[in-house]
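Descriptive structure summary
What follows is the residue order along each chain.
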Amino acid sequence: MPIAPPIPRLQLRQISKRYPGCLANDAIDLSIAPGEIHALLGENGAGKSTLMKIIYGVTQADSGEMLWQGQRVNMRNPAQARQLGIGMVFQHFSLFETLSVAQNIALAMGAAAGTPKQLEPKIREVSRRYGMALEPERLVHSLSIGERQRVEIIRCLMQDIRLLILDEPTSVLTPQEADELFITLRRLAAEGCSILFISHKLGEVRALCHSATVLRGGRVAGHCLPAECSDQQLAQMMVGEAATLIGDYPKVRGGAAFLQVTGLSWHNPDPFGCSLTDLNVQVRSGEIVGIAGVAGNGQDELLALLSGEQTLPEAEAATLRFAEQNVADLRPDARRKLGLAFVPAERLGHGAVPELSLADNALLTAFQQGLVRHGLIERGKVEALAQQIIQRFGVKTPDMYTAARSLSGGNLQKFILGREILQQPKLLIAAHPTWGVDVGAAATIHRALIALRDAGAAILVISEDLDELFQISDRLGALCGGRLSALHNTTDTQLSDVGGWMAGQFNNPPSAATV
Ligand SMILES: Nc1ncnc2c1ncn2[C@@H]1O[C@H](COP(=O)(O)OP(=O)(O)OP(=O)(O)O)[C@@H](O)[C@H]1O
């Protein structure tokens, strides 16, 4: 007697979802078996997040049907999804800093699940079983980003989980933490839990996922077995043409120092923030300096001090210099006048105003580039700039009047980066320049950064993506606990060296001269 194939855990049939001006999901079919780790791939704006939100009940499809273990289901909200055994770990965690791990999990699970004290033994059991070390009494503010992600995953595993959705989970992890996460995910899958994994990192998709669905322009472009495909083949399925992914950029020495940070210390009044201790770094015109580090080790504080969002008293103005000018006491617009462009880590709300159109967002930081005359905005010039950013950086949007918040994450990132690069700054400071950006767009951004470097700009990139830092940086260092390692030429540096610096294994003499 023939054996019937197992019923898929989840099946989507002809799922469609339209937003104003765009068909985000167009008749999508997708099937995930029990115990299968399935990747969802696609360039920025392909429709991945929209599809996940439909599965998790955050938003509803316009048409099509969803079958959960063979039964038709109308997913109305996340609570219903959780009840069925679907868990989702978002890119940005929503944890309360001042509460413990157990208190956070109890809050998320609702009163019926029990008090924090009652949940502690189960948290310990789940963390032991899946090899995710985590103490239930620890306060969240004392946890690393990797440990915070464990809180979210353990929260999902506390319920009877059948499908775990992870949205770019490794973008916040060190390489070692990512390896540990994969061990947990493989164990979960071996027990029959299905996993839907979204990532732009093709290497890890090939190493982890059994199968993949590739989306392009809201439609299914194909299904494949990632282990049997090269990066180039996967990228080609995503963008529909042969993509040039890896740029082998020559390393350079740069000219005179433009940004000079000398003995920079700052006490952070926020008890959960990080203070900076005796930072020394020079970025020369015509070079890219990369700063690695796990989030929360002083990156935000350093960025605020470099951009002018946090100023220092006049007496300390010389701790930061642009060329020969002291700037530590200057506000952001004064620093922009001296040639600074800045890409913050957070896209919505910091890099762009969500409610404003792309054109107005272009004006926000580029207004000193001749876009305002006699106090009047020159709309024609603003629109020309916005159009140029959209075209040069391949930003997918219905038009320049679209609100920033309705762009997919990666497309907004391309827009913000393009806006800053096109201002031809003397100094560009960029946090996570390709965070959430697809492989094709990341290559475009890297080429643009190299071109800006070769045109003579000093560039400082702060990123957690070590592959990226090795690819584009001429010199490298790392932040740990608010201290910065010395910089080294990238050509003389191994991945393991940077891993060591990220863990604080460096010993700079106080106020050391930078290399
Ligand atoms: N709330 C919304 N209103 C209007 N348009 C939206 C909204 N959400 C998404 N879109 C549009 O739907 C399309 C698909 O977006 P989605 O976020 O699903 O892409 P994605 O594949 O997840 O991209 P990324 O890799 O950049 O996160 C994009 O063109 C986006 O601009």
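Report follows, based on the coordinates. Everything numeric here is computed off the predicted structure, so don't read it as measured data.

1. Describing the site of the ligand
Taken together, 17 residues surround the ligand, and among them Gly 45, Lys 48, Ser 49, Thr 50 and Ser 406 come closest. Between Lys 48 and the ligand, the recorded distance is 2.8 Å, taken from a side-chain N or O atom to an oxygen atom. Within the contact set of the ligand, an oxygen atom lies 2.6 Å away from a side-chain nitrogen or oxygen of Ser 49. Summarising the interface, the protein chains cover 82% of the accessible area of the ligand, which totals 640 Å² for the free molecule. Mapped by element, the contributors of at least two residues to the shell around the ligand are strand 2 (22-32), helix 1 (48-55) and helix 13 (409-421). At three residues, helix 1 tops the list of elements feeding residues into the shell around the ligand. Looking at the shell around the ligand residue by residue, the classes come out as five nonpolar, ten polar and two charged. When residues of the shell around the ligand are assigned to domains, at least three map to each of domain 1 (10-239) and domain 3 (345-424).

2. Side note on the nonpolar core
Among the nonpolar cores identified, the biggest contains 52 residues, and Ile 421, Leu 428, Leu 449 and Ile 459 are the most heavily contacted of them. Broken down by element, this core gets its largest block of residues, seven residues, from helix 14 (residues 439-454). Residues from two domains meet in this core; each of domain 2 (248-339 + 425-435 + 453-515) and domain 3 (345-424) gives at least three. Beyond its immediate chain neighbours, meaning those up to four positions away, Ile 459 contacts Val 283, Glu 287, Ile 288, Val 289, Leu 428, Leu 449, Leu 452 and Arg 453.

3. Looking at the environment of Glu 97
Relative to the elements of secondary structure, Glu 97 occurs in the loop between strand 6 (86-89) and helix 3 (101-109). What makes Glu 97 partly exposed here is its relative accessible area of 30%. As for Glu 97 and Val 126, which are separated by 29 residues in sequence, their C-alpha atoms are 22 Å apart. Ignoring anything within four residues of it in the chain, the contact list for Glu 97 reads Leu 139, Val 140, His 141, Arg 148 and Phe 272.

4. A look at the pattern of salt bridges
The final tally for this structure, using the stated rule, is 23 salt bridges. The closest approach of N and O atoms between Glu 324 and Arg 321, which form a salt bridge, is 3.2 Å.

5. Some remarks on the packing of helix 3 against helix 4 (residues 116-129)
Between helix 3 and helix 4, the shortest axis-to-axis distance is 9 Å and the interhelical angle comes to 105 degrees. In terms of orientation, helix 3 lies roughly perpendicular with respect to helix 4. Contacts between helix 3 and helix 4 involve Ala 102, Gln 103, Ile 105, Ala 106 and Met 109 from the former and Pro 116, Leu 119, Glu 120 and Ile 123 from the latter. Across the contact of helix 3 with helix 4, the residue classes tally to seven nonpolar, one polar and one charged.

6. As for unusual backbone geometry
One non-glycine residue with positive phi stands out, namely Gln 14, at about 55 degrees. Of note, Gln 14 is situated in strand 1 (residues 10-19). Judged by its relative accessible area of 44%, Gln 14 falls in the partly exposed class. You will see that Ala 27, though not glycine, has its phi angle at about 50 degrees, which is positive.

7. Topic: the environment of Thr 434
With respect to the helices and strands, Thr 434 occurs in the loop between strand 19 (427-431) and helix 14. With 55 residues separating them in the primary sequence, Thr 434 and Arg 379 have C-alpha atoms 29 Å apart. Setting aside its immediate chain neighbours within four residues, Thr 434 contacts Gln 413, Ala 442, Ile 445, His 446 and Glu 468.

8. Focus on helix 5 (residues 145-157)
With 13 residues, helix 5 should cover 18 Å at 1.5 Å per step; its first-to-last C-alpha distance of 18 Å lies within 8% of that length. When you tally the buried positions in helix 5, you get 13 out of 13 residues, the bulk of the element.

9. Considerations on helix 8 (residues 231-239)
Of all the residues in helix 8, the buried ones are Leu 234, Ala 235 and Met 238. Projected down its long axis, helix 8 shows its buried positions confined to an angular sector of 100 degrees, all on one face. In the core, the buried residues of helix 8 are packed alongside strand 3 (37-42), helix 7 (202-208), strand 9 (211-216), strand 10 (219-224) and helix 14.

10. Concerning the packing of aromatic side chains
Counted under the stated rule, the structure contains three aromatic pairs. With 6.1 Å between their ring centres and 70 degrees between their planes, Tyr 56 and Phe 90 make a pair best called edge-to-face. Of this pair, Tyr 56 sits in the loop between helix 1 and strand 4 (63-68) while Phe 90 sits in the loop between strand 6 and helix 3, placing them 34 residues apart in sequence. A ring pair is formed by Phe 182 and Phe 197, whose centres lie 6.1 Å apart and whose planes are at 70 degrees; its orientation type is edge-to-face. On the criterion of sequence distance, the pair formed by Phe 182 in helix 6 (residues 175-190) and Phe 197 in strand 8 (residues 194-198) is long-range, its members being 15 residues apart. Assigned by exposure class, Phe 182 and Phe 197 land together as buried.

11. Notes on the sheet that holds strand 14 (residues 320-322)
Whenever strands of a sheet pair, they do so through backbone hydrogen bonds, lying parallel or antiparallel. Reading across from one edge, 12-11-14-15 is the order of the four strands in this open sheet, with antiparallel pairing throughout. In this open sheet, the two edge strands, each paired with only one partner strand, are strand 12 (276-284) and strand 15 (325-326). Where strand 11 (residues 257-266) meets strand 14, three bridges bridge the pair, whose relative direction is antiparallel. Directly across from Leu 259, in strand 14, lies its bridge partner Phe 322. In this fold helix 9 (residues 299-307) packs onto strand 11, strand 12 and strand 14, with an angle of close to 125 degrees to the strand it touches most, strand 11.

Reading the values: the criteria
Residues numbered from 1 in each chain as written. Predicted model: local features only at pLDDT ≥ 70, side-chain atom pairs only at ≥ 80, totals over all residues. Heavy atoms only, no water. Near = heavy atom within 4 Å. Polar contact = N/O pair within 3.5 Å; in protein donor to acceptor, adjacent residues only side chain to side chain. Areas by Shrake-Rupley, 256 points an atom, 1.4 Å probe, with all protein chains shown as cover. Helix = DSSP H or I, 4+ residues; strand = E, 2+ residues; numbered from the N terminus. Nonpolar A, V, L, I, M, F, W, Y, C, P; charged D, E, K, R; others polar. Domains from an automatic or database assignment. Core = buried A, V, L, I, M, F, W, Y, C linked by side-chain atoms within 4.5 Å. Buried < 20%, exposed > 50% of the residue type's maximum accessible area, 1.4 Å probe, protein only. Contact = heavy atoms within 4.5 Å. Salt bridge = Lys/Arg side-chain N within 4 Å of Asp/Glu carboxyl O. Axes fitted to C-alpha atoms, helices over the stretch in contact; angles between N-to-C directions. Parallel < 35°, antiparallel > 145°, perpendicular 65-115°, else oblique. Expected span 1.5 Å × (residues − 1). Arc of directions from axis to C-beta. Phe/Tyr/Trp six-rings, centres within 6.5 Å; stacked < 30°, edge-to-face > 60°. Pairing = 2+ DSSP bridges.

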